[in-house]
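# Commentary on secondary and tertiary structure
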Amino acid sequence: TGKAETTIAKCDFFLVHSSSGDTKQEWKQNKKAVGEVGGREKRLELLKDARKRFVLELEFVEMLSNPFYLQYLAQNRFFEDRRFLNYLKYLLYWTKPEYIKHISFPHCLYFLELLQREEFRKKLVDRAYINLVHEQQFYHWRFHKHHRCVERKREAEIERLAAENKEAKCDQV
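Residues numbered from 1 in each chain as written. Predicted model: local features only at pLDDT ≥ 70, side-chain atom pairs only at ≥ 80, totals over all residues. Heavy atoms only, no water.

## Brief notes about the confidence of the model for the protein
Defined as follows: Confidence scores here are pLDDT values: one per residue, from the predictor, ranging 0 to 100. Under the scheme used here, helices are H or I runs from DSSP no shorter than 4 residues and strands are E runs no shorter than 2 residues, and both carry numbers assigned from the N terminus. Contact definition: two residues touch when any of their heavy atoms are within 4.5 Å.
Summing up the model confidence of the protein, the mean pLDDT is 77 and the portion of residues at 70 or higher is 69%. Looking across the protein, the model is least confident in helix 1 (residues 2-18), with a mean pLDDT of 46, and most confident in helix 5 (residues 82-90), with 94. Predicted confidence is poor over residues 15-24, with pLDDT under 50, and the contacts of this stretch with residues over four places away or in other chains come to five contacts.

This is the structure:
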């Protein structure tokens, strides 16, 4: 039940965010209060709320890097709720450079983009598919650094050879 409570807490915002009536009225009231003479406290409160929202959305987006969490969401029919799908679409703002710098697990952005596709969401209930995704993710993490080091050595060797060729041409002149 810990996972369910976490999901409900993280997804609470999407229910509020996608509802139309109370939230819009509340924002109008907040906007009016900020403009008033005694609005300093209200501005500070709104700033704290904005920070809390930022952190909650960041944590939720990063949770999407876990294939087993995606399976949990699929099995509990979160992807059948149009409001939740709208929330996932809203979260795509995390792919912008000013937000991406806060992401610790870049796979979450890849999965966030994949979650926009119905075909991918339907496959998430299949245990074998989840295991395959998790395995591929593991191999990426396992060998990514090694492949980058090999690439860097190759690039350094190419640069060294280019510098030697340039020196050799200068010596000939």
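Let us keep going from here.
## What about unusual backbone geometry?
For clarity, the cut-off: Only protein chains enter the accessibility calculation, which uses a 1.4 Å probe; a residue is then buried when its area is under 20% of its type maximum, exposed when over 50%, and partly exposed in between.
Positive phi, normally seen in glycine, also occurs at Arg 77, with a value near 60°. You can see Arg 77 is positioned in the loop between helix 4 (67-75) and helix 5. Taking the relative accessible area as the measure of exposure, Arg 77 reaches 56% and is therefore exposed.

## Quick look at the pattern of salt bridges
When their charged atoms lie close together, side chains carrying opposite charge are able to pair. What counts here: We define a salt bridge as a side-chain nitrogen of Lys or Arg found within 4 Å of a carboxyl oxygen belonging to Asp or Glu.
As enumerated under the stated definition, the model contains seven salt bridges in all. Of the charged contacts in the structure, one is a salt bridge between Lys 123 and Glu 119, with a shortest N-O distance of 3.6 Å. Here the residue Lys 123 and the residue Glu 119 both occupy positions in helix 8 (residues 118-123), the gap between them amounting to four residues, near one helical turn. Given a relative accessible area of 35%, Lys 123 falls into the partly exposed group. Taking the shortest distance from any N to any O, the salt bridge between Arg 160 and Glu 164 comes out at 2.3 Å.

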